[in-house]
Structure formats: C-alpha cells, structure tokens
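Listed here are the chains, written in short residue letters.
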Amino acid sequence: MKNIAVIGAGTMGNGIAHTFAQKGFKVLLIDISEQAIERGMNTISKNLDRMIAKGSITEADKKATIENIITYTEIKDGVVNADLVIEAATENINLKLNIFKELSAVCREDVILASNTSSISITQIASVVKNPERVIGMHFMNPVPIMKLVEIIRGYNTTDEVTKAIMDLSLKLDKTPTEVNDYPGFVANRILMPMINEAIETLYNGVAGVEEIDTVMKLGMAHPMGPLQLADFIGLDVCLSILNVMYDGFKNPKYAPCPLLVNMVMAGKLGVKSGEGFYDYSESKKAEKVAKMFS
C-alpha cells in the first residue's frame, strides 16, 4: 500500500495525513472545501515546524512531507489511485454511512476501507459496503504524530488478511497496533469515557472544582492530564457522542452522559476548539496569563 487516501482534514485527519506523509507514503487528503483543506495543511505545517524546533526533523524533511500530500475536495477524485482509504470524518453515524456507500461505489473492490471512528460499530459501517470483509477500524490517538497506539477493530466480517495488512502497515508508521473486537467504544473509550463522565459528575455534584479534580487525578494517579482538561482537548461534543453510542449500544445507565456535559455541548462550550469548556482558552484569557507573568 503506497497511496493512502484520508477523508477529513480536521484534527484527526490532518494528523493521520501528516504521519503517513512523513513516512514516505503518498497521501490523498480529501475534505469538502478548500478552506477545510487549507486549515488542515496549515496545521500540518505548524506541527512540522514544532518538530524542526525540537530538532527531531529537518527543513528538508518538512518539505518532503508536504510534497507527499495531494489535496482534493471530491471523494471520487481523491480515491481513484488509493490502495487504502481511511475515513476520519466527524463522529456521526449517518455521515460515515454515506461516505462508505460512496466509497463502495467508486473504489476498486480490492481497496481496504478503514474508519478512524472512536466508538461506532465497524460491522454497521461495513453493512453498506460491497465486500464488507475489507472494512476495518483504524483508531488513531490524538495527537496522531506523537501517540503510539493504533486501536485496530475487526468488524464481524473483517478477514484475517485485511487485519494483518493493517497491523503490518501500522508498524511501518512506528505505531503499536492493538487488535480489539467490535463493541461500542472498543477498549480505549469504553474505559476512558466513563472516567471522564464520572469526573464531570463529580463536578456536577459539587464534590470539588475543576482544577481540584484534575489535580487529584494528575498527582494521585500520575495521569499526564486531568480528565476535565482531557475532555476539553478531545472536544466535549465528541465525548458526548461517544457516551451516547455506548449508552445506546449497551442500554446500561452507567454510560448515560452527565446532564452538565449535555448542557455544555448545547451551549456551545466544546473545549479547546470553541475557546471554552471546563477551562477558558480564549485569546483574552491567554493575554491575561501573559500579563501576570510579567507583572
């Protein structure tokens, strides 16, 4: 597999494109608008600049990585020469099903179709595809260029050959692929999201404040980031979506999202991406912090 199509130039999609391109693969990055593509490419460029500043890559490495990425705004144009397609669109089942229906119609029948979904059933996604045995989950962790884990999810029909091909490919990216079965939330989010949800419940019930909860988890459990800060980083809307998938899938009240999380998402407080979640990421708040440093 030499030509990798990535659908979606957002946080996960541009990270996946960056990772493949840096390893010498030809990447076909697809999104619905030139503006989305431009934002994604700008993010890749900035992340490569950070790597240069740390001395982990050179300017020549950055140039080669960028040159390995070709952009498209139409799926049918971007996947023509693809050997593997990785869908990294918003965590919405109807959107993903529509994308995979189109992929089934326009891709060669030997092309492996992967989803970066963090919770949605691979078996359900594969149900709209001809040759569903070629559909697999390839769940990268954020930030993709740094995090080592790739959660490999087998759908009900996914073959051993397809699974092995994706496991081997992940190793070529210097990742650690870990195979799991197809149940809501898989492993990573089935364990992580209830913890985040419980942290939100703890705040909702007035047991402690945001910084206090995160401090206990960072210093007491040696987590690099507290659960509320992590929720902001993931996106509160994404956390809510994953919890809803697990609640619907298991019909178990322990996965029911906290009312505070629901209200914050309805209010548009989505975390880092919106400038405010459990913490304030606005420019005015950043300026205030800088002023304090020099006061």
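Because the structure is a prediction, the values reported are computed rather than measured. (Residues numbered from 1 in each chain as written. Predicted model: local features only at pLDDT ≥ 70, side-chain atom pairs only at ≥ 80, totals over all residues. Heavy atoms only, no water.)

**Q** Just to check I follow, could you spell out the UniProt feature "binding site: NAD(+)" (unreviewed entry) in the chain for this structure?
**A** According to UniProt, the "binding site: NAD(+)" (unreviewed entry) feature falls on Gly 8, Ala 9, Gly 10, Thr 11, Met 12, Gly 13, Asp 31, Glu 91, Lys 96, Ser 118, Asn 142 and Lys 273. Within the element layout of this structure, Gly 10 appears in the loop between β1 (3–7) and α1 (11–22). Leave out the neighbours within four places in its chain, and Gly 10 touches Gly 15 and Asp 31. Structurally, the position occupied by Asn 142 is in the loop between β6 (135–140) and β7 (149–154). On the basis of relative accessibility, which here comes to 26%, the residue Asn 142 falls in the partly exposed class. Non-local contacts of Asn 142, meaning those with residues more than four positions away in its chain, are made with Thr 11, Met 12, Met 147 and Phe 233. (UniProt positions renumbered as here; feature names shortened; annotations may be inferred. Helix = DSSP H or I, 4+ residues; strand = E, 2+ residues; numbered from the N terminus. Contact = heavy atoms within 4.5 Å. Buried < 20%, exposed > 50% of the residue type's maximum accessible area, 1.4 Å probe, protein only.)

**Q** Sorry if this is basic, but what is going on with the pairing of strand β4 (residues 84–87) here?
**A** Consecutive side chains along a regular strand alternate between the two faces of the sheet. Of the two faces of β4, the one lined by Leu 84 and Ile 86 and the one lined by Val 85 and Glu 87 are each fully buried. Two strands pair when backbone bridges link them, and β1 and β4 are joined in this way by 4 bridges, in the parallel orientation. Among the inter-strand pairings, Ile 4 is bridged to a residue of β4, identified as Leu 84. Two elements, β4 and strand β5 (residues 112–115), share 4 bridges in a ladder whose sense is parallel. Following the sheet pairing, Leu 84 is matched in β5 by Ile 112. Running through helix α5 (residues 93–106), the crossover from β4 to the neighbouring parallel element β5 is right-handed. (Pairing = 2+ DSSP bridges. Right-handed = clockwise from strand over helix to strand, strands pointing away.)

**Q** Quick question: what am I supposed to make of the packing of helix α10 (residues 227–234) against helix α11 (residues 236–250) here?
**A** When two helices pack together, you describe them by how their axes are tilted relative to each other and by the distance separating the axes. Two elements in contact, α10 and α11, have axes separated by 6 Å at closest approach and are oriented at 95°. When the axes of α10 and α11 are compared, the pair comes out roughly perpendicular. Here Ala 231, Asp 232 and Ile 234 of α10 lie close against α11, whose contacting residues are Leu 236, Val 238 and Cys 239. Its residues assigned to classes, the contact of α10 with α11 shows 5 nonpolar, no polar and 1 charged. (Axes fitted to C-alpha atoms, helices over the stretch in contact; angles between N-to-C directions. Parallel < 35°, antiparallel > 145°, perpendicular 65-115°, else oblique. Nonpolar A, V, L, I, M, F, W, Y, C, P; charged D, E, K, R; others polar.)

**Q** For this particular structure, what's the right way to read the environment of Gly 155?
**A** Note on placement: Gly 155 falls in the loop between β7 and α7 (160–172). Exposure remark for Gly 155: the relative accessible area of 10% places this residue in the buried category. Each C-alpha atom, one on Gly 155 and one on Tyr 72, is 29 Å from the other, the two residues being 83 residues apart in sequence. For Gly 155, the residues in contact, after removing those within four places along its chain, are Ile 122, Thr 123 and Asp 182.

**Q** Please explain the pattern of salt bridges as it appears in this structure.
**A** Where charged atoms from two side chains of opposite charge come close, those side chains can pair. This model, assessed by the stated rule, comprises 13 salt bridges. Shared partners join several salt bridges into a network, and the residues in it are Asp 83, Arg 108 and Asp 110. (Salt bridge = Lys/Arg side-chain N within 4 Å of Asp/Glu carboxyl O.)

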